[in-house]
Amino acid sequence: MTSTPPSRTRRLTRTRGRSVLALAAVAALTLSACGQGGSGGSGGDAFASDFEGEELNLLMNASHEGAGEWLSEQFEEETGVTVNVTTVPYDEIASQLTLDQQSGANVYDVSAPWYVSLGDLAADGTIQPLTEYVEANDDVDVDDFIPSIWEPYSQVDGETYGLPFDGDIHALFYNTEILERNGFDAPPETWDEYAEQVATITENESSDGVYGAAVFGEQSPMILGASFANRLAGFGGEFLDENGAPAVNSPEAVASLEALEDIWDDALPTPAETDFGAGNSAWFAGNVAFIENWTDLGVRSQDPESGSEVVDNWGVTYLPRAEAGEDPRASLVAGFSWVVTGNTEKTELAQQFIEWAASSDVNSDLLTALPPTGIDPNRVSSLEDETYGDEFPELQEVNRSTLDGALAWPTGENATEAAQILTDELAAYLAGQRGTAQETLDGVQHEWESLLGDG
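Here's what I pulled together on the structure shown here. It should be emphasised that the depicted structure is a prediction, and the values quoted were computed from it without experimental measurement.

**Digging into the overall build of the chain**
And then number 1: Check the secondary structure of the chain and you find 21 helices and 13 strands.
And then number 2: Looking at the chain residue by residue over its 455 residues, the buried ones come to 59%.
And then number 3: Of all intrachain contacts in the chain linking residues separated by at least 6 positions in sequence, the fraction that spans at least 24 positions is 78%.
And then number 4: Total accessible area on the chain stands at roughly 16,900 Å², and carbon and sulfur atoms take up 43% of it.

In structure tokens form, the structure reads like this:
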């Protein structure tokens, strides 16, 4: 296993610290997590004989194909249960599940959809409530889940419908060689500094095919919507206010859209067409200085077998903030949750599987597995896992920003449609088809109030 270079570890120490509350959460929850859960717990030999020889059908995100293979192999080895994995694009999971259940086909027993879709899936009966199962089962170890992840990844109107699977925050990755060539001795702390560094690098090196940043701008909530959410987190904004009412036209939201516009013309051409494949390819080839990406990108960046040409030449830090010195804040831009389908005839087995798949030991193993699995921490204990800390200390440090106050998307009924409306309007604004940023987000606010209510 390749280790993270010590020089990159030292560079990260310049970044400002987390809040006292977050640090307290690490200490308290790590202690509570000791000895809990794990692949050898109730999800392993304890029930192997009960289900040996059975099959379980799983639907999950295409980018989690490697994780699906790992989970299938390990679960069969431990229990004798065959897990058949089907993968589709992330934005098709919810519709595929709903069609499967409402048509009566009932092919799937378990899935891991984007957490934003939980409300819609719960409303139409596509997924089962898990409240009684979780409350009656100490082995689930709810207190060990990262605090800011647990509620949005699992709860709908006070009921539990999912168990967190993939933590999925964005961090800011940077190419150390490109920064050094352009006279920057550290990555940016603020969004203004970020725009300045991106513009300088693009001006200096675009003629050689090197750009300041790869910006995910394709018209999808998890792509362009994520780029906006990163800035909303950095400017201290929220999607919903403390009363649950939409707040997507706040001053912080307007500043976020304007910050995204600031780097649009200096990014890898063309940002409106840049998806994960295009952005990641440019990053791994060493053709962009910055990329906002999931923290598992660091595992792939340090793995030459994954096609990385930036081994030992990258660093990672928190997302920029509005002002230097402000506490870093995570954005839960993606994130996936384990669910049990509404009509499965294998509810007990499905529950056992998701308990195992969401356990600390399984999450810890997936974080550093090779080939990389694309999975990020969902638990405090796996975040603080010794192997993860030894091999990827910078990734561990950045992921600690999830502990307190991370920005989450709305997750109630109609949340998926609301996310798409926002994304469509962001794309229209950045294409020059709308008025001001404020006017654009005022329109989104009106539509969100119709869809989600006013608190």
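More follows now that the structure is in view.
**Quick look at the nonpolar core**
And then number 1: One finds Phe165, Phe239, Phe290, Trp338, Phe353 and Leu422 to be the most contacted residues of the largest nonpolar core, which totals 119 residues.
And then number 2: When residues of this core are assigned to their parent elements, the largest contribution, eight residues, is made by helix H20 (residues 415-430).
And then number 3: Of all hydrophobic cores here, the second largest spans 12 residues; its members include Tyr108, Leu118, Ala122 and Ile127.

**A short note on helix H8 (residues 147-154)**
And then number 1: Of all eight residues in H8, six are buried, a share of seventy percent or more.
And then number 2: Among the residues of H8, those classed as buried are Ser148, Ile149, Trp150, Pro152, Tyr153 and Ser154.

**Here's the deal with the pairing of strand S2 (residues 82-88)**
And then number 1: Summarising the sheet, strand S1 (residues 55-61) and S2 pair through seven bridges and their orientation is parallel. Bridge pairing in S2 links Leu56 to Val83.

**Structural notes on unusual backbone geometry**
And then number 1: In this model, Pro269 is joined to Thr270 through a cis peptide bond whose omega is -25 degrees.
And then number 2: Mapped onto the secondary structure, Thr270 falls in the loop between helix H12 (251-264) and helix H13 (276-284).
And then number 3: That bond from Leu370 to Pro371 is cis: its omega, -5 degrees, falls within 30 degrees of zero.
And then number 4: Phi at Asn106 takes a positive value of approximately 50 degrees, unusual for a residue other than glycine.
And then number 5: According to the relative accessible area criterion, Asn106 is partly exposed, its value standing at 30%.
And then number 6: One non-glycine residue, Asp141, lies in the positive phi region at around 55 degrees.

**Considerations on the packing of H12 against helix H21 (residues 437-452)**
And then number 1: Relative to each other, H12 and H21 sit at 120 degrees, their axes nearing to 9 Å. If you check the angle between H12 and H21, you find them oblique. Seen along the crossing, H12 lies across H21 with a hand that is right-handed. Judged by residue contacts, Ala253, Val254, Leu257 and Glu258 of H12 engage Ala437, Gln438 and Leu441 from H21.
And then number 2: Of the residues in the contact of H12 with H21, the class split is five nonpolar, one polar and one charged.

**Some details on the sheet that holds strand S7 (residues 170-175)**
And then number 1: Across the sheet, four strands lie side by side as S8-S9-S7-S10; this open sheet has mixed pairing. With partners counted over all chains shown, the strands left at the sheet margins are strand S8 (211-214) and strand S10 (314-317), one partner each. Here the average twist between neighbouring strands, direction ignored, is 20 degrees.
And then number 2: Where S7 meets strand S9 (residues 288-294), five bridges bridge the pair, whose relative direction is antiparallel. Within S9, the residue paired with Phe173 across the bridge is Ile291.

**With respect to the packing of aromatic side chains**
The description of an aromatic ring pair rests on the distance of the ring centres and on the angle between the ring planes.
And then number 1: All chains considered together, the criterion is met by 18 aromatic pairs.
And then number 2: Their ring planes at 15 degrees and their centres at 4.5 Å tell us that Phe239 and Trp409 sit as a pair that is stacked. In this pair, Phe239 is assigned in the loop between helix H11 (224-234) and H12 and Trp409 in the loop between strand S13 (407-408) and H20, connecting sequence segments 170 residues apart.
And then number 3: On the numbers, 5.0 Å between centres and 80 degrees between planes, the contact of Phe276 with Trp294 is edge-to-face. Here the residue Phe276 occupies a position in helix H13, and Trp294 occupies one in strand S9, the gap between them amounting to 18 residues.
And then number 4: Ring pairs connect the aromatic residues Trp70, Phe75, Phe165, Trp338, Phe353 and Trp356, which therefore count as one cluster.
And then number 5: Arg379 extends its terminal NZ or CZ atom over the ring of Phe145, reaching a point 3.8 Å from the ring centre.

**A short note on the sheet that holds S2**
In a beta sheet, neighbouring strands pair by backbone hydrogen bonds and run either parallel or antiparallel.
And then number 1: The strand order across the open sheet formed by five strands is S2-S1-S3-S12-S6, and the pairing between neighbours is mixed. This sheet does not close on itself; its edge strands, each paired only once, are S2 and strand S6 (163-166).
And then number 2: Sheet topology note: the S1/strand S3 (residues 110-111) ladder contains two bridges and is parallel. Each bridged residue has a counterpart across the sheet, and for Leu58 the counterpart in S3 is Val110.
And then number 3: The sheet strands contacting helix H5 (residues 93-102) are S1, S2 and S3, and the helix crosses S1 at an angle near 145 degrees.
And then number 4: Relative to the sheet, helix H15 (residues 347-357) contacts S1, S2, S3, S6 and strand S12 (336-340), its axis offset from that of S12 by approximately 160 degrees.

**Observations regarding a negative patch on the surface**
And then number 1: Side chains of Asp192, Glu193, Glu196, Glu258, Glu261, Asp262, Asp265, Glu323, Glu326 and Asp327 sit close together on the surface and give a patch of like negative charge.
And then number 2: Counting residues per element, the ones that place at least two in the negative patch are helix H10 (191-205) and H12.
And then number 3: Among the secondary structure elements, Asp327 is positioned in the loop between S10 and strand S11 (331-332).
And then number 4: Assessed through its relative accessible area of 43%, Asp327 is described here as partly exposed.

Analysis parameters
Residues numbered from 1 in each chain as written. Predicted model: local features only at pLDDT ≥ 70, side-chain atom pairs only at ≥ 80, totals over all residues. Heavy atoms only, no water. Helix = DSSP H or I, 4+ residues; strand = E, 2+ residues; numbered from the N terminus. Buried < 20%, exposed > 50% of the residue type's maximum accessible area, 1.4 Å probe, protein only. Contact = heavy atoms within 4.5 Å. Areas by Shrake-Rupley, 256 points an atom, 1.4 Å probe, with all protein chains shown as cover. Core = buried A, V, L, I, M, F, W, Y, C linked by side-chain atoms within 4.5 Å. Pairing = 2+ DSSP bridges. Axes fitted to C-alpha atoms, helices over the stretch in contact; angles between N-to-C directions. Parallel < 35°, antiparallel > 145°, perpendicular 65-115°, else oblique. Left-handed = near helix turned anticlockwise from the far one by under 90°. Nonpolar A, V, L, I, M, F, W, Y, C, P; charged D, E, K, R; others polar. Phe/Tyr/Trp six-rings, centres within 6.5 Å; stacked < 30°, edge-to-face > 60°. Lys NZ or Arg CZ within 6 Å of the ring centre and 35° of its normal. Patch = residues over 30% accessible without salt bridge, like charges linked within 9 Å, V, L, I, M, F, W, Y side chains within 5 Å. Salt bridge = Lys/Arg side-chain N within 4 Å of Asp/Glu carboxyl O. Lys, Arg positive; Asp, Glu negative; His and termini not counted. Charge placed at Lys NZ, Arg CZ, Asp CG, Glu CD.

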